[in-house]
Amino acid sequence: MTIKLYNTLTRKKEDIKPFLDDSISMYVCGPTVYGHPHIGNARAAIVPDILYRLLKYKYRSVKYIRNITDVDDKIIEAAKKEGISIDQITLKYTKIYHENMASLGNLEPTHEPKVTDTISKIITTIEKIIRNGNAYVKDSHVLFDTGSFRNYGELSGKNLEEMLDGVRIDNASYKKSSKDFILWKPSDADSPGWQSPWGKGRPGWHIECTSMIKDILGDDTTLDIHGGGNDLIFPHHENEIAQGSCISEKKYCNHWFHNGIVLVDRKKMSKSLGNVILLDQLLKENDTATIRVALLSAHYRQPLNWTSRTLDNASKLAQKIRSSINTTTIPIENTETEITDILSDDLNTPQAFKYLSDLSKSSKNNLEDSTRLLFSCTFLGLDFSADYKRSQPNEVLVDKVEKLIKKRNELRNNGHYQEADEIRSELSSIGVVLKDKDGETEWELDPNS
Ligand SMILES: [Zn+2]
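The model shown is predicted, which means the values in this text are computed figures rather than measured ones.

Draft legend 1. Expanded view of the overall build of the protein chain. Each helix and strand counted, the protein chain has 16 helices and 15 strands in total. With respect to the three principal axes, the spread of C-alpha positions in the protein chain is 90 × 50 × 45 Å. Relative to its 449 residues, the protein chain shows a buried fraction of 50%. Considering only contacts in the protein chain between residues 6 or more positions apart, those separated by 24 or more positions represent 75%.

Structure representation (structure tokens):
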């Protein structure tokens with residue numbers, strides 16, 4: 001199985017080829033924790049979650065890093081508004097973010113660095129960039145000198161005029177060029193700050209991500225996959241490449257992976273339009289499977305246009321799958337890989353749902369299809385196990401189990417204990433627990449399987 005993924009840097013679908021032999025690394029820009037997560041944050045987490053599941057299936061070792069940005073001007077503002085400290089606000093919204101992501105059925109990343117825990121690495125990274133001649137210090141600020149980096153603009157494919165168009169231009173006096181961006185800036189008494197060679201201050205946003213990646217992987221390792229929403233391509237990811245390329249001979253990142261925006265009735269979500277859909281509310285009104293199907297219903301590179309029909313359609317599919325699984329399925333470890341093949345083609349989730357829909361029809365009378373359906377749903381993080389546990393063992397399963405128990409008892413009576421034990425293991429693998437008592441064998445479904 002080869003995983004193909006569109007690479008924003010080369011503008012084509014490419015095979016994933018890890019820097020190391022059998023382990024792979026992925027970094028995704030995480031939340032800035034100052035408010036309740038909305039469906040845009042959910043999409044930016046659920047798309048990498050599907051890729052993470054696929055990477056885990058293929059590679060022995062996967063590092064999935066998603067950071068928490070807990071220093072930011074927006075956090076300072078929000079803390080003032082809520083009348084609480086910066087620590088309180090970041091802890092509060094980190095906790096809510098974690099709860100929301102778990103309720104969405106997302107797996108936890110393997111690493112979750114916080115900016116406030118990475119300050120010393122950020123400072124040494126900035127020092128290295130200055131030493132290499134790619135940054136300068138002016139009026140207690142440290143600025144990246146974009147003129148010193150030849151490939152600036154490579155990711156976004158923009159020329160200077162386009163870059164400056166639409167981005168808030170800060171022609172501050174301490175900048176040599178308006179394209180130069182902040183690596184470190186001074187903090188006043190009211191703002192969080194750390195001692196540094198350039199005075200008390202705090203990092204710029206872009207250097208945070210680069211430093212967190214290097215802190216975990218090492219300066220001279222290439223990150224395999226970097227993800228985030230496509231609104232981060234410029235300037236955030238463009239600036240990350242510039243920084244990362246100036247501290248090591250090794251390429252900063254091989255594969256850039258971006259998800260599209262979420263629109264509500266074809267409009268951008270904004271507080272002023274009052275159309276922001278918060279996850280807390282959505283999770284109260286819908287089950288996890290429905291929300292996951294809805295968030296993954298459009299291909300990740302396309303915009304997801306959220307309308308009343310998005311949830312209706314998702315709910316119908318979830319219902320269809322649920323009714324198929326309830327009546328027929330037994331939990332067998334499946335080695336079939338249709339679902340992994342479908343997802344390996346640039347995370348084709350619309351095709352995956354078509355496959356699930358077809359399987360739901362055929363699985364009613366076909367145990368193998370039913371098993372494939374359960375495997376595929378589990379792979380996508382669609383958890384119907386609660387429904388499954390409520391269901392009773394079906395006739396096909398009962399017949400199979402009784403036959404195997406009979407065979408096992410015959411083997412035991414004839415002294416073939418090893419083969420008898422193999423049957424016990426086989427039954428255990430499909431979630432059947434045996435209890436031998438007074439010469440009789442009783443069985444039950446393992447409630448934890
Ligand atoms: Zn980032």
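Draft legend 2. Summary view of the sheet that holds strand 11 (residues 262–264). Here 3 strands make up an open sheet; going across it, the order is 12-11-13 and the pairing mixed. Unpaired on one side and paired on the other, strand 12 (267–268) and strand 13 (304–306) mark the two borders of the sheet. In the sheet, strand 11 pairs with strand 12 via 2 bridges, with the strands oriented antiparallel. Opposite Leu 263, over in strand 12, you have Lys 268 as the bridge partner. Where helix 1 (residues 39–58) meets the sheet, it contacts strand 11 and strand 13, and its direction lies at approximately 150 degrees from that of strand 11.

Draft legend 3. Helix 4 (residues 119–131), seen in detail. Over its 13 residues, helix 4 extends 18 Å from the first C-alpha to the last, a length consistent with the 18 Å expected when each residue adds 1.5 Å. Here helix 4 has its buried residues at Ile 119, Lys 121, Ile 122, Ile 123, Thr 125, Ile 126 and Ile 129. Buried residues in helix 4 make contact with strand 5 (135–138), strand 6 (141–144), strand 7 (181–186), strand 8 (201–203), helix 6 (205–217) and helix 7 (233–245). Backbone geometry just after helix 4 places Gly 133 at a positive phi near 80 degrees.

Parameters and conventions
- Residues numbered from 1 in each chain as written.
- Predicted model: local features only at pLDDT ≥ 70, side-chain atom pairs only at ≥ 80, totals over all residues.
- Heavy atoms only, no water.
- Helix = DSSP H or I, 4+ residues; strand = E, 2+ residues; numbered from the N terminus.
- Buried < 20%, exposed > 50% of the residue type's maximum accessible area, 1.4 Å probe, protein only.
- Contact = heavy atoms within 4.5 Å.
- Pairing = 2+ DSSP bridges.
- Axes fitted to C-alpha atoms, helices over the stretch in contact; angles between N-to-C directions.
- Expected span 1.5 Å × (residues − 1).

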